[in-house]
Amino acid sequence: MINEITLEQQNTVEFIRAKTDEIRAAVGEGIAINALSGGVDSSVVTMLGHLALGKQLRTVFIENGLMREGEANRVRSLFQELGVTVEVIDARREFFAALKGITDPEEKREAITQTFYKEVFGRIVRESQARFLLQGTILTDIDETVAGIKRQHNVFEQLGIDPQKAFGYKILEPLIQLRKEGVRKVGAAVGLPAELFARIPFPGPALAARVIGEVTPERVDTVRKATVIVERHLQHTGAFQYLAILHLDRVTGMRDGKRDFGQQIEIRCWDSKDARQATPTALPFDLLRQLGDEITASVPGVVSVTYNIASKPPSTIEAI
Ligand code: XMP
C-alpha cells in the first residue's frame, strides 16, 4: 500500500529534501540513469535526480519514433539551459519492429514496455554499469494498473514483477506518493520552466496510445501532425488534457472532385482534476470548426474529424 501525500499535506520544500536524500543514499557512489520523455513526471524526476546526484546521473531521451513533433530537440535544449545534459538515443527501428502487426491495445503496451525496459534500456544500463533507474511513476499510474483498467507502461512491483530480476536494475520512484498537481508543485520548486511543469499530461506509450490498430511510422506521423494542430488551438482553453486519435475505420470523403476513402481523426479535450474522472470540455463550436478545417486541409489522408463527448468513466482519456 502506498502512502498518498495529498496536496493539502504536501510540504514541497521538505519533500524535495527528503527525496534527494533518499536518492543519494540509495545510489551511493554508483551511477543512476533516467529516461526523460519531456512529460511532467519525467521532467520533475530528472531535476530531483540532478539535484541529488549531479554527474552521477545519466539522463537519456529515447527517441522511440512515437513522440510529438520536434520533442527530442526541444527537451534537450530546455534541459541544457538548466545545466542537465540529455543524450538522445535513436531507437525508432526497434520500437517499430516490436509494434509491427500488433493491433490489440494491451499487446501494444506490452511490446513498448518490453522494448523500452528490456531491449533499449537494458542495453544502455549494461553498457553504463548503472544499477539504478530513476523513474517518474505517480500514484494515478498505480491505481489504474492495479484496478486492471490499463497496464501503465511504468508499473512493475504492484504487478508482482521484480525489475531487478526481470531487467537487471533497481527502479527508484520518488514521485510515487503524489498525483499530478503535487508533481507540478515540485516541478515549479526545483526550477523547471512552466513550459515543462505545467504541460498537459502525456502517456508513457506516447502517440501509440492514440493510434487505433497497427502502429506504423506513417500512421504515427498522421496522428503527430493532427496533434500539433490540436495542441496549438487548445492550449489556452485551460483544459486538463487534449489530444488527437487516429481511427482504424475509413470513411468516404471527397477531394478535388474525386472519391477519397480516407482516415478519421477524433479530438478529445478533457476537464479533470487528477485524470481519475474526466468530462469533455464544452469547447466553442467555432473552435471545433477551425480544428476540423485545419486538420482536413493539412493532414494528408484525413477526411473526417470528430469530437468525443463521452465522459471517463466509461471512456478513458487515451484511446488504448
Ligand atoms: P487513461 O487513458 O488511463 O489516462 O484515462 C489517465 C492519465 O494517465 C496518462 N498516462 C497514461 N495513460 N498509459 C495510459 O494509458 C500510460 O502509460 C500513461 N502514462 C500516463 C494519460 O495521458 C492520462 O492523463
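Residues numbered from 1 in each chain as written. Predicted model: local features only at pLDDT ≥ 70, side-chain atom pairs only at ≥ 80, totals over all residues. Heavy atoms only, no water.

(A) Geometry of the side chain of Glu 231. Within the fold, Glu 231 resides in helix H10 (residues 217-234). Side chain to side chain, Glu 231 and Arg 68 meet in a polar contact 2.8 Å long. When neighbours within four sequence positions are excluded, Glu 231 is seen to be in contact with Arg 68, Ile 200 and Tyr 242. (Helix = DSSP H or I, 4+ residues; strand = E, 2+ residues; numbered from the N terminus. Polar contact = N/O pair within 3.5 Å; in protein donor to acceptor, adjacent residues only side chain to side chain. Contact = heavy atoms within 4.5 Å.)

(B) Representation of the pairing of strand E3 (residues 86-90). Here five bridges tie strand E2 (residues 57-63) to E3, and the two strands are oriented parallel to one another. Looking at the pairing, Phe 61 lines up with Val 88 of E3. In this fold, E2 hands off to helix H3 (residues 71-81), which returns the chain to E3; that crossover is right-handed. (Pairing = 2+ DSSP bridges. Right-handed = clockwise from strand over helix to strand, strands pointing away.)

(C) Representation of the pattern of salt bridges in the model. Applying the stated rule across the entire model yields 22 salt bridges. Of the charged contacts in the structure, one is a salt bridge between Arg 123 and Glu 94, with a shortest N-O distance of 2.9 Å. Here Arg 123 is found in helix H5 (residues 105-128), whereas its partner Glu 94 is found in helix H4 (residues 92-99), with 29 residues between them in sequence. For Arg 123, a relative accessible area of 30% translates into the label partly exposed. Judged by relative accessible area, Glu 94 falls into the partly exposed class, the value being 25%. (Salt bridge = Lys/Arg side-chain N within 4 Å of Asp/Glu carboxyl O. Buried < 20%, exposed > 50% of the residue type's maximum accessible area, 1.4 Å probe, protein only.)

(D) Examining the sheet that holds strand E5 (residues 170-172) more closely. The strand order E3-E2-E1-E4-E5 describes an open sheet built from five strands, whose pairing is parallel. In the strand order of this sheet, the two ends are held by E3 and E5, each with one partner. For this sheet, the mean angle separating the axes of adjacent strands, direction not counted, is 30°. In the sheet, strand E4 (residues 132-134) pairs with E5 via three bridges, with the strands oriented parallel. (Axes fitted to C-alpha atoms, helices over the stretch in contact; angles between N-to-C directions.)

(E) Seen up close, unusual backbone geometry. Residue Pro 313 is reached from Lys 312 by a cis peptide bond, and omega for that bond is -15°. Its location among the elements puts Pro 313 in the segment after strand E10 (302-307). Cis geometry marks the peptide bond from Pro 313 to Pro 314, where omega comes out at 5°. Relative to the helices and strands, Pro 314 is located in the segment after E10. In the Ramachandran plot, Gln 129 falls in the positive-phi region, its phi being about 65° despite a non-glycine side chain.

(F) Structural detail: the nonpolar core. In this structure, Ile 62, Leu 66, Phe 79, Phe 121, Leu 175 and Leu 234 are the most contacted members of the largest nonpolar core, which totals 87 residues. For this core, the element with the most residues is H5, which contributes eight residues. Residues within four places of Ile 62 in sequence aside, it is in contact with Leu 36, Met 67, Ile 89, Ala 91, Phe 95, Phe 116, Val 120 and Ile 124. Among the nonpolar cores identified, the runner-up in size contains seven residues, and Phe 240, Ile 245, Trp 270 and Ala 275 belong to it. (Core = buried A, V, L, I, M, F, W, Y, C linked by side-chain atoms within 4.5 Å.)

(G) Representation of the packing of helix H1 (residues 12-27) against helix H8 (residues 180-189). Remark: H1 packs on H8, axes separated minimally by 10 Å, with the N-to-C direction vectors making an angle of 80°. In terms of orientation, H1 and H8 fall into the roughly perpendicular class. Between H1, through Thr 12, Phe 15 and Ile 16, and H8, the contact on the second element is made entirely by Lys 185, Val 186 and Ala 189. A per-class count over the contact of H1 with H8 returns four nonpolar, one polar and one charged. (Parallel < 35°, antiparallel > 145°, perpendicular 65-115°, else oblique. Nonpolar A, V, L, I, M, F, W, Y, C, P; charged D, E, K, R; others polar.)

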